[in-house]
Amino acid sequence: MASPMQVPSVEGAVAPGTIARVRDAWLDGSHHTSAHVEIGEHILVCAPHLPFLVRAQRLLLARMVRYLAKQGITQFLDLGSGVPADGQVHQIAQQVNPDAKVVYVDIDASLAGEARALLAGEPNTAYLEADIRRPSDVLDAPETRNLLDLRKPVAVLLIETLLHLPDSDDPEGVVGSYVAALAPGSYLGISHFSPNEDLEKGLNIFSRMFGAPPAVTLRSPEQQARFFTGLEMVEPGLVPVPLWRPDTEPIDRNPHLAEVYAGLARKH
């Protein structure tokens, strides 16, 4: 089996927290600076299709959360959330059920203050600064225990998160630990970039022009499927992001060629 395409982490690489701000700029948000816009422009020179894929994943998040809320899920754990700004999980879930509860988790200390400020006055939300590679730290944290009842179903979301975990971090083991701690009826939702020639070329160009690119690990759909081992996949299964339960016909002319896959699965 082919091994994942890995871009090793090196000194000076663009940090995930910075990438979160760049994504915010691409999503027309307000939680970034001119420096993040400039980094985003550098990335666009090398991989002009990335903003489309980022926007496609934000739309996916909304569809996935609405689906879960309509299935009766009222508890969400968003791992690698970045800044919980406009269009985030609690806003979407609470449109379906005002009692929905969400814990956001991210390791980047530079995001924590702003994230907590954004959630001030939202009693059914919490923000936890923690390393998702240590599931017990996340699941046993007061922020999690005070808001979520792990004896009842929880939806764990890893949207555009696992690509930041190299194989040396044992991402399958990390995901498996979260799933093992969940009650029957819980869900696991994932989106993940897959290896593709355009993105690999773009990363190489970025490296030559601007220095170390973001440290990422790209995984094939077959490798991504292993994260869902032992779970029941929700239709349509693991598919390119634009094809996961679209609200309308995908605007992309070739949605099946998108380099990002998404899937949602239920624990029995």
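This text gives an overview of the structure that appears in the document.

What counts as what
Residues numbered from 1 in each chain as written. Predicted model: local features only at pLDDT ≥ 70, side-chain atom pairs only at ≥ 80, totals over all residues. Heavy atoms only, no water. Helix = DSSP H or I, 4+ residues; strand = E, 2+ residues; numbered from the N terminus. Buried < 20%, exposed > 50% of the residue type's maximum accessible area, 1.4 Å probe, protein only. Polar contact = N/O pair within 3.5 Å; in protein donor to acceptor, adjacent residues only side chain to side chain. Axes fitted to C-alpha atoms, helices over the stretch in contact; angles between N-to-C directions. Parallel < 35°, antiparallel > 145°, perpendicular 65-115°, else oblique. Left-handed = near helix turned anticlockwise from the far one by under 90°. Contact = heavy atoms within 4.5 Å. Nonpolar A, V, L, I, M, F, W, Y, C, P; charged D, E, K, R; others polar. Pairing = 2+ DSSP bridges. Right-handed = clockwise from strand over helix to strand, strands pointing away. Phe/Tyr/Trp six-rings, centres within 6.5 Å; stacked < 30°, edge-to-face > 60°. Lys NZ or Arg CZ within 6 Å of the ring centre and 35° of its normal. Core = buried A, V, L, I, M, F, W, Y, C linked by side-chain atoms within 4.5 Å. Expected span 1.5 Å × (residues − 1).

This next bit is on the side chain of D131. Counting through the fold element by element, D131 comes out in the loop between β4 (125-129) and α6 (135-139). By relative accessible area, which is 14% here, D131 ends up buried. Among the polar contacts listed, one links the side chain of D131 to the side chain of R133, at a separation of 2.8 Å.

Let us look at the packing of helix α3 (residues 50-70) against helix α4 (residues 89-96). Taken N-terminus to C-terminus, the directions of α3 and α4 make an angle of 40 degrees; their axes are 9 Å apart at the nearest point. By the criterion of interaxial angle, the relationship of α3 to α4 is oblique. In this structure, α3 meets α4 at a crossing whose hand is right-handed. On the side of α3, the interface is formed by L61, A62, V65, R66, A69 and K70, while α4 contributes V89, I92, A93 and V96. Looking at side-chain class alone, the contact of α3 with α4 contains 8 nonpolar, no polar and 2 charged residues.

Time to look at the pairing of strand β5 (residues 155-159). Counted residue by residue, β5 has 5 buried out of 5 residues, so it is predominantly covered. Residues A155, L157 and I159 line one face of β5 and the alternating positions V156 and L158 line the opposite face, and both faces are buried. Two strands pair when backbone bridges link them, and strand β2 (residues 75-79) and β5 are joined in this way by 3 bridges, in the parallel orientation. Across the sheet, D78 pairs through a bridge with L157, a residue of β5. For β5 and strand β6 (residues 187-193), the ladder comprises 5 bridges, and the chain directions are parallel. Each bridged residue has a counterpart across the sheet, and for L158 the counterpart in β6 is I190. For the segment spanning β5, helix α8 (residues 171-181) and β6, crossover handedness is right-handed.

When you tally the buried positions in β6, you get 7 out of 7 residues, the bulk of the element. The sheet contact formed by β6 and strand β10 (residues 260-266) spans 7 bridges and is antiparallel. Looking across to β10, one finds that L188 is bridged to A265.

To describe a pair of aromatic rings, one takes the distance between the centres and the angle between the planes. Overall, the coordinates contain 1 aromatic pair when judged by the stated rule. Each ring, one from Y67 and one from W244, has its centre 6.1 Å from the other, and the planes form 85 degrees; the classification is edge-to-face. With Y67 in helix α3 and W244 in the loop between β9 (239-240) and β10, this pair connects stretches of sequence that are 177 residues apart. The cationic tip of R245 hangs over the ring face of W244; the distance from NZ or CZ to the ring centre is 5.9 Å.

Time to look at the nonpolar core. The biggest cluster of nonpolar side chains holds 40 residues, and the ones touching the most others in it are M64, V65, L68, F76, V89, L157 and L264. When residues of this core are traced back to their parent elements, those giving at least two are α3, α4, β3 (101-106), α5 (109-119), β5, β6 and β10. Among the elements that take part in this core, α3 stands out by supplying 10 residues, more than any other. Those residues in contact with L68, other than ones at most four positions away along the chain, are I73, F76, A155, L157, Y187 and L264. Of all hydrophobic cores here, the second largest spans 30 residues; its members include V105, I132, L147 and Y178.

Within the secondary structure, F227 sits in the loop between α10 (221-225) and β8 (232-233). Taking the C-alpha atoms as reference points, F227 and G176, separated by 51 residues in sequence, lie 7.4 Å from one another. Setting aside residues up to four positions removed in sequence, F227 forms contacts with L162, P171, E172, V175, L188, I190, H192 and R219.

Attention now moves to α3. Between the first and last C-alpha of α3 there are 30 Å, a value that for 21 residues agrees with the 30 Å anticipated at 1.5 Å per step. Within α3, 15 of the 21 residues are buried, which leaves it mostly tucked inside the rest of the structure. Positive backbone phi, at 95 degrees, marks G72, one or two positions downstream of α3.

Nothing here speaks to function; it is geometry throughout.
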